[in-house]
Amino acid sequence: MKKLFIFLLLLAPVFAFAQEDVYFKAMQDELARTQKELKIPDAPRPYFTSYWIKKTQTLSYESLWGDLTFSSSDTIPFALLVGRTHMVVGNAKENSNGFMHNYYYFYAPNEEFKMGDGYDALRLGLWNVTDLEYREMIEMFFQKQAFLRQKNLTDKSPDFAPAKQGEFLAPVFPWQQPNHAYYEDLVKELSAVAKKYPHLEEAAANIHIVPGMMWYLNSQGGKQRLNISWESVTLSAQIRNKDGFKQKPSTEWVYTQGGLPSKEELLKKADAFYKQVNDGYDAKKATPYVGPVLFKPAAAQEMIDVLFAANVSNTKPLLQEKGEDLTAGGFKDKIGQRVFAKQFTVEDKPLLQEYKGVALAGFSPVDAEGVPAENLLLVSNGKLLDLPFSRSLTQGRKKSNGHARASFRQRPRAGVTNLFITPQETFTQQELEQKLLDRCRELDLEYGYIVESMPNATDELPNITRLYVKDGRKEQVYGAKLQNFISRSLRDILAAGDDETIFNLPEGADPARSFIIPSLLVDEV
């Protein structure tokens, strides 16, 4: 009888969003308890408390060589609810925020994983995570005050400045049962495309459909509800080239809020991916090289994420007992200096919900500290004009600009949302390749490189092509890795393509964000 009861519970509607008010009500009531009753003798009271509740469901479909290997149609659907809190104890001048001792290395918030649905279950989950957070923040507060007494810090700017609060409530989307048959057929067709390429040893495709909503509420009036749904297609292939070198490159395309393209468009992209991997059978081994490199949009996105986005994020270093905050952005002291090539503008647009008909993952009208977000002009003519800021300010900064970003492994800190890299002039792919050849000729180089994708800037590059100066011939190479990949490369960008591309990255270890970026020709890598 007990097993039957559990089974019936699991069959209940997984996304009963019609009763969504229960999430705000549970958070509001727990906030009231926290602010009124939560106290420990001789310890500071909560000054600020915020909650997030994320409700998602993950549907997966997988295939290998055109055969279905997994489908969510064979599983009992369930919704995953995760509660998260961020608390600041003390007051506006003396508080626990912005300090990290060795134990809290990741500066991560507390979470209640797999909360139960319904008011009572939500309150219990929030109660658990709140009490744990409060005890940790008291410890953080006293350690921070002891640290400050030992140091003679010249920067007296606030670690949690007062800020106007905002509210944004996205419509609650109606949950509908997915068309399992459509996704099963699609995932089979995607990997079946690879059958015509003789050198591939393995070809797989995965589709993930993740409907979801997020509720946010804090004790100072900040409130937000967002649609955080996303879909992705991942392809992978294994090949062993003529030299016996084995590679297993992959590619992933992410779309938000029901933006998955048509079957025809996805099959066309899949064919291009598998063909490129297959052509790597004749690839030559890479040799040491210093010179110009053309980064196609997917590779340019990774380059900008590593060299620019990371450097304008976490703009106020965390106070910590030992050493410096290595996560602090490298451009935090470079306002007014040239950090990019002169012909570029860089903007961050959290208020932009979609661009050219595509929903953007970084849309965030209210930030992770409840502050209304502002669009920022970060770079103009190559010069750094502004930085994202949370309520943790640096000397001379008067207020937050609504760019506190958070994830499951990071408390709110300054970061980017929808990052636009815009050149003053663009060139076709053919013109960019000619510019690459011309620059190689000036440097007396035999060839230049074109990088198609770069899953991680420190890993081996899976898709890289030599372009020969003498006859324009192209050949794939293997075994190449980037070295001395530094922010100086941003100032060395020679030209940009007319192939502006949108890249959506849903929340993972990092907050959700989007990059809008073209191909970039860099003078020296």
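**Regarding the side chain of D492**
Then comes step 1: Within the secondary structure, D492 is located in the loop between α8 (488-491) and β28 (493-496).
Then comes step 2: Under the relative-accessibility criterion, D492 is labelled buried at 17%.
Then comes step 3: A polar contact is formed between the side chain of D492 and the side chain of R488, at a distance of 3.3 Å.
Then comes step 4: Every residue in contact with D492, bar those within four places of it in the chain, is listed here: L521, V522 and D523.

**A closer look at the confidence of the model for the chain**
In low-pLDDT segments, the atomic positions of the prediction should not be examined closely.
Then comes step 1: Here the chain averages 90 in pLDDT, and 94% of its residues register 70 or above.
Then comes step 2: Contacts from residues 1-18, a stretch scored under 50 in pLDDT, to residues over four places away or in other chains number 24 contacts.

**Some details on helix α7 (residues 429-442)**
Then comes step 1: Relative to the 20 Å expected for 14 residues at 1.5 Å per residue, α7 spans 20 Å between its end C-alpha atoms, a close match to the ideal helical length.
Then comes step 2: Within the sequence span of α7, burial applies to L432, E433, L436, L437 and C440. Down the axis of α7, the buried set is contained in an arc of 140 degrees. They therefore lie on one face. Turned more than 90 degrees away from the buried face of α7 sit Q430 and E442, all of them exposed.
Then comes step 3: In this structure, the buried side of α7 is in contact with β15 (293-295), β25 (447-453), β26 (463-468), β27 (474-478), β28 and β31 (520-522).
Then comes step 4: Positive phi shows up at D444, right after α7, with a value of about 60 degrees.

**Quick word on the environment of Y47**
Then comes step 1: By secondary structure assignment, the location of Y47 is in strand β1 (residues 46-56).
Then comes step 2: By relative accessible area, which is 22% here, Y47 ends up partly exposed.
Then comes step 3: With residues near it in sequence (within four places) discarded, Y47 still touches Q35, V88, V89, G90, N91, A92, F160, P162, S219 and Q220.

**Regarding the sheet that holds strand β7 (residues 167-169)**
Then comes step 1: Spatial strand order, β6-β4-β1-β9-β10-β7: six strands in an open sheet with mixed pairing. Two strands in the sheet have a free side with no partner beyond their single neighbour: β6 (110-112) and β7. Across the sheet, the mean angle separating the axes of adjacent strands is 20 degrees when strand polarity is ignored.
Then comes step 2: One ladder, built from 10 bridges, connects β1 with strand β4 (residues 80-89); its direction is antiparallel. Paired with S50 across the strands is H86, a residue of β4.
Then comes step 3: Along the sheet, helix α2 (residues 21-37) makes contact with β1, β4, β7, β9 (212-218) and β10 (223-227), crossing β1 at roughly 160 degrees.

Parameters and conventions
- Residues numbered from 1 in each chain as written.
- Predicted model: local features only at pLDDT ≥ 70, side-chain atom pairs only at ≥ 80, totals over all residues.
- Heavy atoms only, no water.
- Helix = DSSP H or I, 4+ residues; strand = E, 2+ residues; numbered from the N terminus.
- Buried < 20%, exposed > 50% of the residue type's maximum accessible area, 1.4 Å probe, protein only.
- Polar contact = N/O pair within 3.5 Å; in protein donor to acceptor, adjacent residues only side chain to side chain.
- Contact = heavy atoms within 4.5 Å.
- pLDDT = per-residue confidence, 0-100.
- Expected span 1.5 Å × (residues − 1).
- Arc of directions from axis to C-beta.
- Pairing = 2+ DSSP bridges.
- Axes fitted to C-alpha atoms, helices over the stretch in contact; angles between N-to-C directions.

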